[in-house]
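# An overview of the molecular structure
Next come the chains, spelled out residue by residue.
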Amino acid sequence: MTDDAPEPPSGLRAMLPDLAPWRASRDFRRLWYAGLISNFGSFLTFVALPVQLKDLTGSAAAVGAIGAVELIPLLVFGLYGGALADAWDKRKLIVWTEAGQGLLSVALLLNALLPHPAVWPLYVVAALSSALVSVQRPALDSLWPRIVAHDHLPAAASLNSFRWTVGGVAGPALAGVVVAYAGLGWAYGADLLTFAVSVVLVVRIAASPASHEAAKPSLKAIAEGARYAWGRKELLGTYAVDLAAMFLAMPLALLPFLADELDAEWSLGLMYASVPLGALLVSLVSGWTARIHRHGRMVVLAAALWGLAIAAAGIMSNVWLVLLFLTVAGGCDMVSGIFRGIMWNQTIPDELRGRLAGIELLSYSVGPTVGQVRAGGFASYWGVRTSVWSGGVLCAGAVGLLALCLPKLMTYDARTDRHAAQVRDQRAAARV
């Protein structure tokens, strides 16, 4: 925070989200709305796709294999997408990848309308969608610091988290009803409509060309970003903690089977919505995050609690307790995500932001993607609930071990960190 920045509010008002980025930046508002609408539709497909695979195959391993087909595009295009985000206009990348996602929704819709839908198009679409998301997310993540004042970045992180969780709660909850009573085609069709609206909003934001210092997309440029990340052990810690938490304790691929095992098929939409609901509840009272400066400690604590909450959800036989602990897990994941985002946005220089965003994408996407394979494989051998609770326990242990091995993550303080000071000075100089 700059010396002339206003004092943060106190009392009840201090718990509410800070709307300063919303008021100060028209492009932030447009991009926020576009993300809200697009995420809402994406969560419809997020539920519909594994449900359709379950109906067509009846196999937990087949549903978990979605993660396997998403992995290679994620690894390749995540890193290269970060280099593209540094070298190309970020707005154009977002627009074209959003339009591509809309075309994939068309493919899912047409397949769902067939008398006998095929299985293979679901995997093809999952792989292509992974590639497009991997190109888009670094551009999105590196654009936020350009359209938001440096002092507003913590508030922007909370507002973006709130945007995601609104879609994450409403989308899965509605998807469970839509898929059950209207059919898969309606879910895929609604997703297509949301992508169209999102494109219209994004094309209206200002262009965001590459900075003069940015390297052209190449293996050398990617390696430069990787060397920078390796030299920043506190950043490396955030990547490692999130990767471990998502790989070991992401149970989403198993939820259709968990609902069946609990004899509560009606609860599937609520299960998918519970994790985002917990995140939403945290984001609604996220004002307190602006007063925390030791972000690394909060990342570790929240990730460990995420694992313990997932373990509790796997142990419980009462569906309402399962929903409760999934909600708690979602809240913990949101806390971890907010503080990871603040660290990334406040300490990474603009000319490296896209490439580091690509590495960030791998840290929070590879884990869930490979985690689906792990969860499905464990469930095939040892049962659905064992797969869930054992993953949560392993997550808590792995996070604790990483905290011991990466002390710079635990000692990070935004008030004294030299990288945060350098980025603050860089942005101040750019405004002169």
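Below or above, wherever it landed, is the structure these notes cover.

### Details of the overall build of the protein chain
In terms of helices and strands, the protein chain carries 17 helices and zero strands. Scaling as 2.2 N^0.38, a compact globule of 432 residues should have a C-alpha radius of gyration of about 22 Å, and the protein chain matches this with 21 Å. For the C-alpha atoms alone, the extent of the protein chain along its principal axes is close to 60 × 45 × 40 Å. Here the protein chain holds 432 residues, and the buried ones make up 57% of them. Considering only residue pairs separated by 6 or more positions, the protein chain has 88% of its internal contacts joining residues 24 or more positions apart. Total accessible area on the protein chain stands at roughly 18200 Å², and carbon and sulfur atoms take up 69% of it.

### Quick word on helix α11 (residues 268-284)
Each α-helix winds once per 3.6 residues, and so residues spaced three or four apart point in a common direction. The terminal C-alpha atoms of α11 lie 24 Å apart, and with 17 residues this matches the ideal 24 Å at 1.5 Å per residue to within 8%. Along its length, α11 shows its largest kink, about 40°, at S274, and proline P276 lies within four residues downstream of that point.

### What about the nonpolar core?
Core analysis: the largest hydrophobic core is formed by 80 residues, its most contacted members being Y188, L255, M271, W306 and L326. In terms of residue count, helix α13 (residues 319-347) provides more of this core than any other element does, 12 residues in total. Setting aside chain neighbours within four positions, we find W306 in contact with A245, M246, A249, M250, V275, A329, G330, C332, D333 and C395. In terms of nonpolar packing, the next biggest core, distinct from the first, is built from 23 residues, W32, A34, A139 and L153 among them.

### With respect to the side chain of E98
Its place among the elements puts E98 in helix α4 (residues 90-112). For E98, the side chain forms a polar contact with the side chain of Q136, separated by 2.7 Å. Look past the residues within four positions of E98 in its chain and what remains in contact with it is S38, Q136, F195, S198 and V199.

### Considerations on the packing of aromatic side chains
Counted by the stated rule, this structure contains 10 aromatic pairs. Relative to W32, the ring of W22 lies with its centre 4.9 Å away and its plane at 80°, an arrangement referred to as edge-to-face. Highlighted residues: W22 in helix α1 (residues 20-24) and W32 in helix α2 (residues 26-57), separated in sequence by 10 residues. For W22, a relative accessible area of 21% corresponds to the partly exposed category. Taking relative accessible area as the criterion, W32 reaches 7% and is therefore assigned buried. A centroid spacing of 5.2 Å and a plane angle of 75° characterise the contact between W22 and Y33, whose relative ring orientation is edge-to-face. Separated by 11 residues along the polypeptide, W22 in helix α1 and Y33 in helix α2 bring together distant segments of the chain. Accessibility expressed as a relative area gives 39% for Y33, which makes it partly exposed. Through a chain of ring-to-ring contacts, the aromatic side chains of W22, W32 and Y33 assemble into a single cluster.

Thresholds applied
Residues numbered from 1 in each chain as written. Predicted model: local features only at pLDDT ≥ 70, side-chain atom pairs only at ≥ 80, totals over all residues. Heavy atoms only, no water. Helix = DSSP H or I, 4+ residues; strand = E, 2+ residues; numbered from the N terminus. Rg over C-alpha atoms; globule rule 2.2 N^0.38 Å. Buried < 20%, exposed > 50% of the residue type's maximum accessible area, 1.4 Å probe, protein only. Contact = heavy atoms within 4.5 Å. Areas by Shrake-Rupley, 256 points an atom, 1.4 Å probe, with all protein chains shown as cover. Expected span 1.5 Å × (residues − 1). Bend = angle between axes of the 7 residues up to and from the residue. Core = buried A, V, L, I, M, F, W, Y, C linked by side-chain atoms within 4.5 Å. Polar contact = N/O pair within 3.5 Å; in protein donor to acceptor, adjacent residues only side chain to side chain. Phe/Tyr/Trp six-rings, centres within 6.5 Å; stacked < 30°, edge-to-face > 60°.

Distances and angles like these do not, on their own, reveal function.
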